[in-house]
Amino acid sequence: MYSILIVDDEYMILKGLEKIIKWSDYGFKIVKSARNSKQALEFLEDNDVDLIITDVNMPRISGLDLIKMAQESGKKFEFMILSGYQEFDYVRTGLQLGAIDYILKPIDSKALVASLAKVKNILDSHKAIQKASVVSLNVQIQRLFESDIDQADLSLLFHQLRITPDIIKSGMTVIACNRLNDFSKVEQLCQQYGQVLSFEHDRHLFIGFIGGRGLLLKFVRELEDKGYINGESFITVGETVYDWQNISQSYEQAARLAKIYKFYEKSNKFSNNNLRVDWLKQATLPKVSLVKIKQAIALGEYEQLIEELKNIFTDLTKRGASPSYVRQIAFLIYSEVNVKINFDAQTYQEYVTRINNATDLQSLMDISTEVIEQLSNKVDDQKYSENIKQVMSLIHRDFNNDLSLKIVSDELHLNPDYLGQLFKKEVKMSFSKYLNEYRIQQAQEFLRNNNQSIAEIANNVGYTTTAYFYRNFKSICGLSPKEYRNKYI
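Residues numbered from 1 in each chain as written. Predicted model: local features only at pLDDT ≥ 70, side-chain atom pairs only at ≥ 80, totals over all residues. Heavy atoms only, no water.

Going by what an unreviewed UniProt entry lists, the chain is known as Response regulator and is assigned to Companilactobacillus huachuanensis. Here the chain is described in UniProt, under the heading Subcellular location (unreviewed entry), as follows: "Cytoplasm". (UniProt positions renumbered as here; feature names shortened; annotations may be inferred.)

Spelled out as structure tokens, the structure:
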């Protein structure tokens, strides 16, 4: 139902309007009847309406002045005007202000219904556009979280959300609100905290929470205190990052911890509420950065990987981190390795169980070391479907050309949305991320084995701009192309 505010200083006309038709039959509901513009403006201070129907000739504040004042206050609505035969100047001014229609007094029900049909078509159109805009915004924010957005779209997104690129300097932490049945309450709380970066997926709401540790904890506690996170719902939290390029780190951690939680929940039979409270208490702590772990995996530097692992556990020991918290870090390290190896289901669950049952830091360190050692013995025996094998073959063949999921799906005569979902399901990353990483791997070969300029190498592996190549290379490898070349030559 669309909401209507009707305004007229004549009591009988006001009451007649309320009863002249059955408004609900036409998709409308009168939410307020006002005897003058002052009453109407007071109502609009705290309420929004879809349609205003107002008399134009009223004492003190005319109907047209009411419309102007409401529009100037930022209210969005459609409006129609009521007038007598001798008031054409009012009608003309009303139409100039954007009135959908005017209705002459005495009011004819058929004319009113015809005017309402016009308004409903316009409101339906606005609603459809707004819905499409929300869906598009949801997709763009998801692409941002997955580091799958180019600079032009990122700038457009910032403009649309009215945020500045440097706002992340205060810190951003991705929160995953999992298994939500009611998104609206959590989204309203986000608005109260000025949080605009969020997207919905299935029954999950991912929030890019911008702000310091104190504000983050206050927000999370309020989610729980108000009962927005209860029952089977739970929260997982990634690391805090300070650069847009690293959002995916925090997002991946929050998403992976959610996956681990589901297994953990089943294996521990969370009938004991203390287990759930303890896990969630640790889940709300932003995680340590695993950027150097990821970089060492990407570079295949396994000795460095073990060294970074020791550094992390040494730091956790010095901080006196609880076993519950360290288990979550161990889960995340295991997940990073699993992305590379893709353990079979049985092996995956065995490691999760071992991490879950470990009671001290040394045991968790030993398991994490064992997991990392699997990388050096890794055999590339991934079992992909025929379609995904063909996609990978095309990437390996044409990575240096203009390549996109649409181009590949057209060549394979497959729906791009279906292919993108299938690729992500089997390969554990998006098509664009896989393409990016493969191009960077090829760039590493070029940097080690020939003397081409970095601009030439960027072009040879498929990047149209050197700046974009630099950004991607450093994000994946932790070094600039120049630093990488100096290190390995």
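1. Observations regarding the pairing of strand β3 (residues 51–55)
Most of β3 sits out of view: five of its five residues are buried. Of the two faces of β3, the one lined by Leu51, Ile53 and Asp55 and the one lined by Ile52 and Thr54 are each fully buried. As defined by bridge partners, β3 adjoins strand β4 (residues 78–83) across five bridges and the pair is classed as parallel. The residue of β4 that forms the bridge with Ile53 is Met80. Between the parallel elements β3 and β4, the chain passes through helix α3 (residues 63–72) in a crossover that is right-handed. (Buried < 20%, exposed > 50% of the residue type's maximum accessible area, 1.4 Å probe, protein only. Helix = DSSP H or I, 4+ residues; strand = E, 2+ residues; numbered from the N terminus. Pairing = 2+ DSSP bridges. Right-handed = clockwise from strand over helix to strand, strands pointing away.)

2. Examining the sheet that holds strand β1 (residues 2–7)
Read across the sheet, five strands follow the order β2-β1-β3-β4-β5 without closing on themselves; strand pairing throughout is parallel. Two strands close off the open sheet at either side, each with one partner strand: β2 (28–34) and β5 (101–104). For this sheet, the mean inter-axis angle between neighbouring strands, taken without regard to orientation, is 20°. Summarising the sheet, β1 and β2 pair through six bridges and their orientation is parallel. Bridging across to β2, Ile6 finds its partner in Ser33. Relative to the sheet, helix α1 (residues 11–19) contacts β1, β2 and β4, its axis offset from that of β2 by approximately 170°. (Axes fitted to C-alpha atoms, helices over the stretch in contact; angles between N-to-C directions. Contact = heavy atoms within 4.5 Å.)

3. Considering the pattern of salt bridges
According to the stated counting rule, one finds 21 salt bridges in the structure shown. Measuring nitrogen to oxygen at the nearest pair gives 2.5 Å for the salt bridge that ties Glu146 to Lys424. You can see Glu146 sitting in the loop between α5 (109–145) and α6 (151–161) and its partner Lys424 sitting in helix α18 (residues 416–427), a full 278 residues away along the chain. The salt bridge involving Glu411 is made with Arg397; its shortest N-O contact spans 3.4 Å. Within this pair, whereas Glu411 is found in helix α17 (residues 405–412), its partner Arg397 is found in helix α16 (residues 386–398), the two being separated by 14 residues in sequence. Classification of Glu411 by relative accessible area gives partly exposed; the value is 42%. (Salt bridge = Lys/Arg side-chain N within 4 Å of Asp/Glu carboxyl O.)

4. A few points about a nonpolar patch on the surface
Residues Leu95, Tyr102 and Leu104 make up a contiguous nonpolar surface patch of about 230 Å² in total accessible area. Along the chain, the position of Tyr102 falls in strand β5. (Patch = residues over 30% accessible without salt bridge, like charges linked within 9 Å, V, L, I, M, F, W, Y side chains within 5 Å. Areas by Shrake-Rupley, 256 points an atom, 1.4 Å probe, with all protein chains shown as cover.)

5. Considerations on the sheet that holds strand β7 (residues 198–201)
With respect to topology, four strands assemble into an open sheet ordered β7-β8-β6-β9, the strand pairing being antiparallel. The two strands at the open ends of the sheet, each matched to only one other strand, are β7 and β9 (234–241). This sheet shows a mean twist of 15° between the axes of neighbouring strands, independent of strand direction. Here strand β6 (residues 172–178) runs beside strand β8 (residues 204–210); their pairing, made up of six bridges, is antiparallel. By the bridge assignment for β8, Met172 is matched with Ile210. Lying over the sheet, helix α7 (residues 183–192) contacts β6, β7 and β8, oriented at roughly 5° with respect to β8.

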